[in-house]
Amino acid sequence: MIMLEKSLLVGQGLHRDVYQHPENPKLCLKVRMDRDRVNRGDQEEQREQTYYRLLAKRGVPWEGIPEFHGNVETNLGPAAVFELIRDADGTVSRTLEHYLADARITEAHLNELIFELNQLKNYLLRHNVITMSLKPKNIVFQRLADDQWRCVIIDNIGNSDWIPLMTYVPLFGRIKIRRKWQDFERRLKRMYPLNDAVLRMLKFI
Ligand SMILES: Nc1ncnc2c1ncn2[C@@H]1O[C@H](COP(=O)(O)OP(=O)(O)OP(=O)(O)O)[C@@H](O)[C@H]1O
Ligand SMILES: [Mg+2]
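Residues numbered from 1 in each chain as written. Chains lettered and ligands numbered in written order. Predicted model: local features only at pLDDT ≥ 70, side-chain atom pairs only at ≥ 80, totals over all residues. Heavy atoms only, no water.

## Looking at the coordination of the magnesium ion (ligand 2)
Donor atoms from the polypeptide that bind the magnesium ion (ligand 2) are Asn138 (OD1) and Asp155 (OD), placed at 2.1 to 2.3 Å. Taken together, the positions of Asn138 in the loop between helix H4 (110-127) and strand S7 (139-145) and Asp155 in the loop between strand S8 (148-153) and helix H5 (165-168) put the pair 17 residues apart, joining distant regions of the chain. Accessibility assignment for this pair places Asn138 and Asp155 in one class, buried. (Donors = N, O, S within 2.8 Å, 3.2 Å for Na, K, Ca; no water. Helix = DSSP H or I, 4+ residues; strand = E, 2+ residues; numbered from the N terminus. Buried < 20%, exposed > 50% of the residue type's maximum accessible area, 1.4 Å probe, protein only.)

## As for the site of ligand 1
Taken together, 20 residues lie around ligand 1, and Leu14, His15, Arg16, Lys30 and Glu83 are the ones closest in. Take Arg16: an N or O atom from its main chain is 2.7 Å from an oxygen atom of ligand 1. In the environment of ligand 1, an oxygen atom lies 2.9 Å from a nitrogen or oxygen atom belonging to the side chain of Asp155. Here ligand 1 loses 93% of its free accessible area of 620 Å² to cover by the protein chains. Among the residues forming the shell around ligand 1, the class breakdown is 8 nonpolar, 6 polar and 6 charged. The residue makeup of the shell around ligand 1 includes at least three contributed by each of domain 1 (6-83) and domain 2 (94-202). (Near = heavy atom within 4 Å. Polar contact = N/O pair within 3.5 Å; in protein donor to acceptor, adjacent residues only side chain to side chain. Areas by Shrake-Rupley, 256 points an atom, 1.4 Å probe, with all protein chains shown as cover. Nonpolar A, V, L, I, M, F, W, Y, C, P; charged D, E, K, R; others polar. Domains from an automatic or database assignment.)

## Digging into the domain arrangement of the chain
If you check the domain split of the chain, you get domain 1 (6-83) and domain 2 (94-202). Look at where the C-alpha atoms of domain 1 and domain 2 centre, and you get two points 20 Å apart. Contacts between the two partners involve 18 residues from domain 1 and, on the opposite side, 21 residues from domain 2. Interface area for domain 1 against domain 2, summed over the two sides, is near 1,600 Å², with a carbon-plus-sulfur share of 53%. (Contact = heavy atoms within 4.5 Å. Buried area = accessible area lost by both parts, 1.4 Å probe.)

## Notes on the pattern of salt bridges
Summed over the entire model, instances satisfying the criterion amount to 9 salt bridges. The partner of Arg16 in a salt bridge is Glu48, and the shortest N-O contact between them spans 3.1 Å. Of this pair, Arg16 sits in strand S2 (residues 16-20) while Glu48 sits in helix H1 (residues 43-58), placing them 32 residues apart in sequence. Look at Arg16 and you get buried, because its relative accessible area is 8%. A relative accessible area of 5% means that Glu48 is categorised as buried. Between Glu45 and Arg32 there is a salt bridge, and its shortest N-O distance comes to 3.5 Å. Placement of the pair is Glu45 in helix H1 and Arg32 in strand S3 (residues 27-32), with a sequence separation of 13 residues. For Glu45, a relative accessible area of 15% translates into the label buried. (Salt bridge = Lys/Arg side-chain N within 4 Å of Asp/Glu carboxyl O.)

## Side note on unusual backbone geometry
Of note in the backbone geometry, Asn128 takes a positive phi value of approximately 50° without being a glycine. Here Asn128 is to be found in the loop between H4 and S7. For Asn128, a relative accessible area of 8% translates into the label buried. We note that Asn156 has phi near 75°; this positive angle belongs to a residue other than glycine. Here Asn156 is to be found in the loop between S8 and H5. Classification of Asn156 as buried rests on a relative accessible area of 10%.

## Considering the environment of Ala145
Mapped onto the elements of the fold, Ala145 is located in strand S7. Classification of Ala145 by relative accessible area gives partly exposed; the value is 27%. A C-alpha to C-alpha distance of 8.6 Å links Ala145 and Asp89, two positions 56 residues apart in sequence.

Encoded structure:
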């Protein structure tokens with residue numbers, strides 16, 4: 001059993017606490033928290049893992065999403081193990097929320113944000129990777145080198161539709177991906193109405 005402690009905590013969402021693996025800095029463990037506000041059970045996790053297995057079988061490269069490494073037991077309960085996305089300097093990569101919350105920061109990275117968001121969209125379309133809602137808190141902007149960046153979706157992968165046509169028929173998948181991307185653009189516009197750099201960015205993604 002893996003022992004987790006607060007000092008290893010690297011992120012928190014509404015449903016999961018994310019810890020760095022105590023022995024492997026390249027991995028993180030996601031532990032479900034049954035916070036009383038929200039409890040979507042482990043159904044969501046099952047859906048995510050089923051979808052990950054499908055992508056692995058298809059041989060999709062782990063460029064736009066972190067690799068999944070199975071489940072383990074911890075002192076805090078069962079955990080799902082994923083690749084932990086880090087910048088070149090070793091710090092855990094920050095989410096788009098960080099880069100979009102302040103117009104000066106967005107402006108400073110505008111070119112690479114535009115380029116990498118387009119890369120991410122193309123990755124999803126090329127490999128038919130379906131997502132649920134795309135949100136800035138669920139995408140990290142990884143700095144691989146001074147002039148090399150990458151967007152990685154760290155949460156909300158997969159399809160909740162009852163008839164999984166999108167998952168198995170690429171044409172339907174592409175329609176779905178484009179629709180999710182449009183929703184994402186609308187969400188950014190809504191979330192950052194006063195960030196002029198975000199509004200300019202949206203013209204190019
Ligand atoms: N693979 C990863 N690499 C780097 N950071 C990560 C990774 N996975 C999660 N994080 C960080 O931890 C936070 C919470 O993780 P995650 O989004 O998976 O939790 P969640 O509870 O499912 O989220 P939500 O509130 O969107 O449902 C993220 O916003 C991100 O900052
Ligand atoms: Mg999340």
